[in-house]
Amino acid sequence: MTDSTDMRSAVKPYERAFVFASTFQLVSSVGLFIGACVLMYWSLRLSYFLTLLLAIPTGALLVRVFIIQHDCGHGSFFAARWANDLVGSLCSVLTLTPYAIWRRHHAHHHAGWNNLDKTFSRADIYSACMTVGEYRSLTPLARLLHRLPRHPLVAHIVLPPLVFLLLYRIPFDTPAGWARERRAVYWLNATLAAVICGLGLAVGFLPVLMVQLPVVLVTSIIGVWLFAIQHRFDASRWERQEDWNFTGAALEGSSFLKLPKILQWFSGNIGYHNVHHFAPRVPNYRLERCYRGVEGLREETPLTLRSAFGAVGLVLWDEDKQRLVRFRDVVRGAPSASLRSAPPP
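Model, not experiment: these values are computed from the prediction.

What counts and what doesn't
- Note that residues are indexed from 1 along each chain, following the sequence as it is written.
- With the structure being a predicted model, the display of local features is reserved for residues of pLDDT at least 70 and the display and counting of side-chain atom pairs for 80 or more, all residues being used for whole-chain, interface and lining totals.
- Values shown for side chains rest on all heavy atoms present in the structure; no hydrogens or waters enter the calculation.
- Cavity means a closed set of points on a 1 Å grid over the protein atoms alone, one where a 1.4 Å probe fits but cannot get out, pocket means an open set with protein on both sides within 12 Å along at least 5 of 7 lines, and lining means a residue has an atom within 4 Å of a point.
- Grid points are joined across faces, edges and corners, and a volume is the space filled by probe spheres set on the points.
- Secondary structure elements follow DSSP: runs of H or I of four or more residues count as helices, runs of E of two or more count as strands, with numbering from the N terminus.
- Here the nonpolar group is Ala, Val, Leu, Ile, Met, Phe, Trp, Tyr, Cys and Pro; Asp, Glu, Lys and Arg are the charged ones; every other residue, Gly included, is treated as polar.
- Each pair of strands is called paired provided DSSP finds at least two bridges between the two strands.
- Nine residue types can take part in a nonpolar core, namely buried Ala, Val, Leu, Ile, Met, Phe, Trp, Tyr and Cys, and a core is a set of them joined through side-chain atoms within 4.5 Å.
- Here the term buried applies to any residue with accessible area under 20% of the maximum for its type, exposed to any over 50%, and partly exposed to those in between, with areas from a 1.4 Å probe on protein chains only.
- Here, residues are in contact when the closest pair of their heavy atoms is within 4.5 Å.
- To estimate the expected span of a helix, subtract one from its residue number and multiply by 1.5 Å.
- Side-chain atoms alone can form a polar contact between residues adjacent in sequence; in general such a contact is a pair of N or O atoms within 3.5 Å, and within protein one must be able to donate a hydrogen while the other accepts it.
- In what follows, salt bridge is the name for a side-chain nitrogen of Lys or Arg lying within 4 Å of a carboxyl oxygen of Asp or Glu.
- Any two cysteine sulfur atoms within 2.5 Å of one another count as a disulfide.
- The score called pLDDT rates the predictor's confidence residue by residue, from a low of 0 to a high of 100.
- Between N-to-C directions, angles cover 0 to 180 degrees, with each direction set by a line fitted to C-alpha atoms, over the stretch in contact for helices.
- To sort the angles, those under 35 degrees are grouped as roughly parallel, those over 145 as roughly antiparallel, those from 65 to 115 as roughly perpendicular, and the leftovers as oblique.

**Here's the deal with empty space enclosed by the protein**
Evaluation of the coordinates by the stated rule reveals 1 cavity of 30 Å³ or more. In this structure, the largest cavity spans a volume of roughly 110 Å³. Lining the largest cavity are Ile125, Tyr126, Arg150, Ala155, His156, Ala228, Ile229, Arg232, Ala311, Val312, Leu314 and Val315. Elements that contribute at least two residues to the lining of the largest cavity include exactly α8 (152–165) and α10 (205–229). A breakdown of the residues in the lining of the largest cavity according to their chemical character gives 9 nonpolar, 1 polar and 2 charged.

**Things to note about the sheet that holds strand β3 (residues 323–325)**
If you trace the 3 strands from one edge of the open sheet to the other, you get β1-β2-β3, paired in mixed fashion. Looking at which strands have only one partner, the edges of the open sheet turn out to be β1 (130–131) and β3. Direction of pairing for β1 relative to strand β2 (residues 316–318): parallel, over a ladder of 2 bridges. Residue pairing across strands places threonine 131 opposite tryptophan 317, the latter belonging to β2.

**Notes on the nonpolar core**
Of all hydrophobic cores here, the largest spans 25 residues; its most connected members are Leu26, Phe33, Ile68 and Val87. At the level of secondary structure, the elements contributing two or more residues to this core comprise α2 (19–43), α3 (48–74), α4 (81–95) and α10. With 8 residues, the single largest contributor to this core is α3. The contacts of phenylalanine 33, once residues within four sequence positions are left out, are Thr58, Leu61, Leu62, Val65, Leu94 and Val215.

**Observations regarding α8**
The terminal C-alpha atoms of α8 lie 20 Å apart, and with 14 residues this matches the ideal 20 Å at 1.5 Å per residue to within 8%. Of the residues making up α8, those classed as buried are Ala155, His156, Pro160, Pro161, Val163 and Phe164. Where α8 is buried, its residues contact α3, α4 and α10.

**Quick notes on the side chain of serine 236**
If you trace the backbone, serine 236 turns up in the loop between α10 and α11 (246–252). We classify serine 236 as buried; its relative accessible area is 2%. In this structure the side chain of serine 236 is engaged in a polar contact, spanning 3.1 Å, whose partner is the side chain of asparagine 114. When residues no more than four places from it in sequence are discounted, the contact partners of serine 236 are Asn114, His231, Glu252, Gly253, Trp317 and Leu324.

**A few points about unusual backbone geometry**
A positive phi angle is found at leucine 96, which is not glycine, with a value near 65°. Along the polypeptide, leucine 96 turns up in the loop between α4 and α5 (99–112). Residue classification places leucine 96 among the buried positions, given a relative accessible area of 14%. Not every positive phi belongs to a glycine, and glutamine 322 is a case in point at roughly 55°. When you line up the elements, glutamine 322 lands in the loop between β2 and β3.

**Quick word on the pattern of salt bridges**
Scanning the entire structure with this criterion turns up 11 salt bridges. A salt bridge links aspartate 85 to arginine 81, with the shortest nitrogen-to-oxygen separation between them at 2.9 Å. In this pair, aspartate 85 and arginine 81 both sit in helix α4, 4 residues apart, roughly one turn of the helix. Looking at arginine 81, the relative accessible area reads 55%, which means it is exposed. One salt bridge connects glutamate 239 with arginine 237, and the closest N-O pair in it is separated by 2.9 Å. With relative accessibility at 24%, the residue arginine 237 sits in the partly exposed group. Through salt bridges with shared partners, one network takes in Asp117, Glu134, Arg240 and Glu319.

**Points about the state of the cysteines**
Disulfide: a covalent bond formed between the sulfur atoms of two cysteine residues. A full pass over the atoms with the stated rule returns 0 disulfides. Here cysteine 72 stays free of any disulfide, with the sulfur of cysteine 91 as its closest cysteine sulfur at 5.9 Å. Since its relative accessible area comes to 2%, cysteine 72 is described here as buried. Free of any disulfide, cysteine 197 has its nearest cysteine sulfur in cysteine 37, 18 Å distant.

**Digging into the confidence of the model for the protein**
When pLDDT is averaged across the protein, the result is 90; 94% of the residues are at 70 or more. Throughout residues 333–345 the model reports pLDDT below 50, and contacts reaching past four residues in sequence, or to other chains, amount to 20 contacts.

**Comments concerning the packing of α3 against α5**
Two elements in contact, α3 and α5, have axes separated by 9 Å at closest approach and are oriented at 70°. The angle between α3 and α5 falls in the class roughly perpendicular. Across the interface between the two elements, Phe66, Gln69, His70, Cys72, Gly73 and His74 of α3 pack against Tyr99, Trp102, Arg103, His106 and His110 of α5. Of the residues belonging to the contact of α3 with α5, the class tally is 4 nonpolar, 6 polar and 1 charged.

Here's what the structure looks like:
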C-alpha cells in the first residue's frame, strides 16, 4: 500500500484514544516515577553511588512522562482538548518543560520537518539543517560558531540539560502575539519554585539537588537524543520546499528506531517516529499496532541502536550526493554547484 490517501484511511482507526488506556498509562508512569524518586531519596542514607545508579531508570521514567505530555500537545492522548491541556500542564511540572509554548514550537516542527527552506528558528540546532554549500559559503569564524554547538558531545551531552534547566525558564523564540504561552512559562516557573521550596523544607535542599539534578541530566540527554536522531540518520532525506511533501517526509525523513522492548516501553514507542509524523493523532500506545497494521508504514531496514549512535555526527545535507554528511566529510574548497541562497527570514 503506497497511495497516501489509502494509507491515511488505514491509519484513521488507530487515532482513537481510549480513556482507560490513557489514564492507566498516566497513573502508572507518574506513580512509578514518583516512587523511583522516593527510592532515590532513601538511597542517600546508604550510598550516593547507588543514588546515581537509580537516576538512570528514574530519568528514563521521566522520559515516558514527557511522551505523555508530548501526546497531549498533539491532542492525541485524550479525546477532549481540555483533558489534554490539563494533563500536559501537570506533566510539565515534572518534565520542567512549559507545555503551552513547547506545544506551539513542536507544531512548527511538524509543519516542515526535514525541509531545508522551512525552519521556524535557525537557533534550533536539532531541527534545522544547513547544506554543504551553505556551510562552505560561511566565513571561517561563522563555520566555527556553527560547528561548536553541533559537536556530538556538546549537542547531546552538554546542551540538553541547559535547555531544560535554563532555556525553558524563559519564553525563547516566542512571537509577541503568544501572550498566553509567555504567561504559562512564568506560571510554571512559580510552580517549580514552590515545589522545590516545599521539597527542600521537607527533606533538605542539598538532598533535593543531589536527587533531582541527576534525574534531569539523564532525562534531557536521552530525550534530546531520541528527538534528534529520528531525523538525522544515514537514510534520512531532506528536501527543498518545492520537492517537500508530507508523506515523503514522514516515510523517508523520519525513522523507525527499533529498540529492545524495555527501552521501547520507557520511550513511549517514540521509535515509531515515521508513524508518528505520518499520523500525529495516534496515541503512543497504539503506534506499534498502527505500524504493524498499515503495510506502507513498515521499514525494510529499521534504525538500530548501533546505527543510531553512529549517526550522531550527521549534521550537513549534501545536495550533490543527496545524503547527510559529517563536518569532516566536507573538503575545503569552492561552494558546490548545488549551493542556493538561503531563504529569507
